[in-house]
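Understanding the architecture of this molecule
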Amino acid sequence: MAKLIYDKNGRLLFTKEMKEEYTILMPQMLPVHFGMMKRCLEMEGYKVDMLTTNHRAIVNTGLKYVHNDTCYPALLVIGQLIEAIQSGRYDVDKTALIITQTGGGCRASNYIHLLRKALKKAGLEKIPVISINLSGLEKNPGFKLNLKLIMRLVYSMVYGDIIVLLANQCRPYEIEKGATDKMVEFWENELLSQFEKSEGLGPASFRENLARIAEDFANIPVVRVPKVRVGVVGEIYIKYSPFGNNNLEDFLLSEDCEPVVPGLIDFILFKIDNRLVDADLYGSNIFKRAVVGLLKKYISARQHELIAAVRKYPQFRAPEPFEVIKANVKDYLGYGNKMGEGWLLTGEMLELINDGIVDIVCTQPFGCLPNHIVGKGMIRAIKNRHPESNIVAIDYDPGATKINQENRIKLMLSNARARMEKERSSEHADAPVLTADAETYSDKEYSRSVGAEDADILDLPDTQAINKKSSSTNTVQQ
Ligand code: SF4
């Protein structure tokens, strides 16, 4: 059994010996991206298991071992890791954990300390925790981020973005159920087998793969009937993780909508750009600035190539480049707002609205101050300039029920459908403005599922505004 070795600060190290013997447990955030990243780690000789567990006991474990004012994503991730170890599925003497550290100022950099504290509380302090970061925050002799691995991880994220982007635009319309998922699986395997041969990791082969991916998805047989396109924005873990957001994308599909989820590449560029903003605001040495600038240029170029590949097919919506998203935010927030998703969250909402996707779910985890400011806190400012926007902020916390979250989203959808119906009827004759469904839903569920403040933000049609008043009255009476 591997010897336990500690650094001078008492941190348990992941040693070279452990690399041979241990299974590393990693949380999942984006199924496609993280699935590919797991396999990239395996190519380097690590034994890795990605956790896809999704049940209430995880939340309870998080509540038991993490302070209850900690942000919900931290509670979920730590709860999931500890629940897995305590489940008996793994040998506790041969298990390690891996977690990302963004290097930013919010708790995402401090999860690792919360995790170690929780392990100690659970009597599991002999389990090493590996930090995966590009800021040199923590190092381990048995875990090295060499250039090849970094390239594979970065390209997994960029390829993951185009796959998810196109899959989301095919799945709701596919004729043969499951055809899109089959294509996703094919491309994951194809790219990973290229990575194994050290292919697909340079600009030229990247462009070639992008063109093939876009063509393959464009060839999936679909029927493009009009559906409500729903943007999903918010704190990164809750926005992407099916566990964190109670399978939000599946729910939107079941409601006959098309989910539109911004890609991870913008977040990566946002994080890199923050270093340049820091340099502008607080100063930095020229060499560091030049290196960060080059990195940003390299990733931006890949994003532009991705956009160009998607734009070849008019049936697909391509995202805007990072620079456009950044410019859109200029009149709303300063670029110093960079904790959590920072100004990018507001920028993503604006990007979607400018693209005609005005129906948006803004996912808000409990205990996340940064994203409450740049997410929920900016909805009124956005609505003032974009009255057509239909944004609902949904809270995710240990006490929030799935049914309540879904009811509130359904209300937002009823507004969206009413608007679509209105647009359609104004094109044709004097058809009714509200669908029966929307009115029925509003009557039954509105007062239960929405507070007065949210109703203002949702900007309800007239018939619902009446309910809003009675709902406010009911709330006061209670
Ligand atoms: S952004 Fe918010 S939810 Fe995410 S780690 Fe930071 S504090 Fe927690």
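Predicted, not measured: the structure shown is a model, and the values here were computed from it. (Residues numbered from 1 in each chain as written. Predicted model: local features only at pLDDT ≥ 70, side-chain atom pairs only at ≥ 80, totals over all residues.)

A look at helix α14 (residues 343-354)
The criterion, for reference: Helix and strand definitions here come from DSSP, where helices need a minimum of 4 consecutive H or I residues and strands a minimum of 2 consecutive E residues; each element is numbered from the N-terminal end. What a helix is expected to span follows from its residue count: subtract one and scale by 1.5 Å. Think of it as a crowd count around each C-beta: if 20 or more other C-beta atoms lie within 10 Å the residue is buried, if 12 or fewer it is exposed, and in between it is partly exposed, with C-beta placed from the backbone throughout.
Compared with the 16 Å implied by 1.5 Å per residue over 12 residues, the 16 Å span of α14 between its first and last C-alpha is a close match. For α14, the buried fraction is high: 11 of the 12 residues fall into the buried class. Along α14, the residues that are buried comprise Trp-343, Leu-344, Leu-345, Thr-346, Gly-347, Glu-348, Met-349, Leu-350, Glu-351, Leu-352 and Ile-353. Remark: Gly-356 follows α14 within two positions and exhibits a positive phi of approximately 85°.

Looking at the sheet that holds strand β6 (residues 257-260)
Each strand in a sheet pairs with another by means of backbone hydrogen bonds, the pair being arranged parallel or else antiparallel. Quick reminder of the rule: Strand pairing is assigned whenever DSSP identifies at least 2 bridges connecting the two strands. Helix axes use the C-alpha atoms of the stretch in contact, all axes being lines fitted to C-alpha atoms, and the angles between their N-to-C directions lie in the range 0 to 180 degrees. Each residue gets a C-beta atom placed from its backbone, and two residues are in contact if those atoms lie within 7 Å.
Strand order in the open sheet formed by four strands is β6-β5-β7-β8, with parallel pairing between adjacent strands. The open sheet is flanked by β6 and β8 (390-396), the only strands paired with a single partner. Neighbour-to-neighbour, the strand axes of this sheet turn through a mean angle of 25°, independent of strand direction. Sheet topology note: the strand β5 (residues 228-234)/strand β7 (residues 359-365) ladder contains five bridges and is parallel. If you follow Gly-231 over to β7, its bridge partner there is Ile-360. Along the sheet, helix α16 (residues 402-427) contacts β5, β6, β7 and β8; its crossing angle with β8, the most-contacted strand, is approximately 170°.

Brief notes about the sheet that holds strand β4 (residues 129-132)
Ordered by their spatial adjacency, four strands build an open sheet running β2-β1-β3-β4, and the pairing between neighbours is parallel. Sheet topology places β2 (47-51) and β4 at the edges, where each strand pairs with a single neighbour. Put simply, the sheet's adjacent strands are angled 30° from each other on average, direction ignored. For strand β1 (residues 23-27) and strand β3 (residues 95-100), the ladder comprises three bridges, and the chain directions are parallel. Pairing of Thr-23 across the sheet is with Thr-95, part of β3.

Digging into unusual backbone geometry
The general pattern is negative phi for most residues beyond glycine and trans for most peptide bonds. In this model, Asn-246 sits at a positive phi of 55°, which is unusual for a non-glycine residue. Note that Asn-246 resides in the loop between α9 (236-240) and α10 (248-254). Classification of Asn-246 by C-beta neighbours within 10 Å gives buried; the count is 20.

Focus: the nonpolar core
Note the cut-off: For the purposes of this analysis, a nonpolar core is taken to be any set of buried Ala, Val, Leu, Ile, Met, Phe, Trp, Tyr and Cys residues that are connected through C-beta atoms within 7 Å.
Core analysis: the biggest nonpolar cluster contains 116 residues, and Ile-78, Ala-96, Leu-97, Leu-115, Ile-162, Ile-163 and Val-361 have the highest contact counts within it. It is helix α6 (residues 147-170) that contributes the most residues to this core, 11 residues altogether. When near neighbours in sequence (up to four residues on either side) are disregarded, Ile-162 contacts Leu-210, Ile-213, Leu-306, Ala-309 and Val-310.

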